[in-house]
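These are the residues of each chain, in order.
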Amino acid sequence: MPALRKKPSEKRSEHVGLRMKPARKKQLEKCAQVLGISVGELVDEAVDEYLGSLGSKRGATWKLIDTACSILEGREEEQRWRKRKR
């Protein structure tokens, strides 16, 4: 049975297309994986936070997530460097 299209008034979300560098997309994918959510959910939360209060607890949470992603990326880069050195 084919999926039925919802009326525009019944949609819970909208599609927004955007272009970005491949490295940024990979970074978003890694962060989303760490959080256990989709890239779309991650971007939605990031935009929500950006548009909301930057002094909130959510702002501190995003800083922590960003730090965790940076640490993971650093470790992956170190592993790639070690493999090239062999």
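Structure first, text after, so check above.
Undergrad: Help me out: how do you make sense of the overall build of the protein chain in this one?
TA: From N to C terminus, the protein chain includes 3 helices and 0 strands. Listing the helices and strands of the protein chain from first to last along the sequence gives α-α-α. For the protein chain, the residues scored as buried account for 12% of the 86 residues in total. On the protein chain, roughly 8,200 Å² of surface is accessible, and the fraction owed to carbon and sulfur atoms is 55%.

Undergrad: I'm lost on the state of the cysteines in this one. Help?
TA: Any covalent bond linking the sulfur atoms of two cysteines counts as a disulfide. All told, the structure shown has 1 disulfide when counted by the stated rule. There is a disulfide in this structure between Cys-31 and Cys-69, and the S-S distance comes to 2.2 Å. Separated by 38 residues along the polypeptide, Cys-31 in helix H1 (residues 22–35) and Cys-69 in helix H3 (residues 57–85) bring together distant segments of the chain. On the accessibility criterion, Cys-31 (10% relative accessible area) is buried.

Undergrad: Whenever I open this one, the pattern of salt bridges confuses me. Can you help?
TA: Two side chains with opposite charge may pair up if their charged atoms get near one another. Enumeration over the complete set of coordinates arrives at 4 salt bridges. One salt bridge connects Lys-30 with Glu-76, and the closest N-O pair in it is separated by 2.5 Å. On the criterion of sequence distance, the pair formed by Lys-30 in helix H1 and Glu-76 in helix H3 is long-range, its members being 46 residues apart. Lys-30 sits in the partly exposed class, given a relative accessible area of 28%. Residue Glu-76 is classed as partly exposed on the basis of its relative accessible area, which comes to 28%. For Glu-77, the salt bridge identified is with Arg-80, shortest N-O distance 2.9 Å. One end of the pair, Glu-77, and the other, Arg-80, are both in helix H3, 3 residues apart, so they sit about a helical turn from each other. Judged by its relative accessible area of 38%, Glu-77 falls in the partly exposed class. Since its relative accessible area comes to 39%, Arg-80 is described here as partly exposed. Connected via shared salt-bridge partners are Glu-77, Arg-80 and Arg-84.

Rules used in this analysis
Residues numbered from 1 in each chain as written. Predicted model: local features only at pLDDT ≥ 70, side-chain atom pairs only at ≥ 80, totals over all residues. Heavy atoms only, no water. Helix = DSSP H or I, 4+ residues; strand = E, 2+ residues; numbered from the N terminus. Buried < 20%, exposed > 50% of the residue type's maximum accessible area, 1.4 Å probe, protein only. Areas by Shrake-Rupley, 256 points an atom, 1.4 Å probe, with all protein chains shown as cover. Disulfide = S-S within 2.5 Å. Salt bridge = Lys/Arg side-chain N within 4 Å of Asp/Glu carboxyl O.

Nothing here speaks to function; it is geometry throughout.
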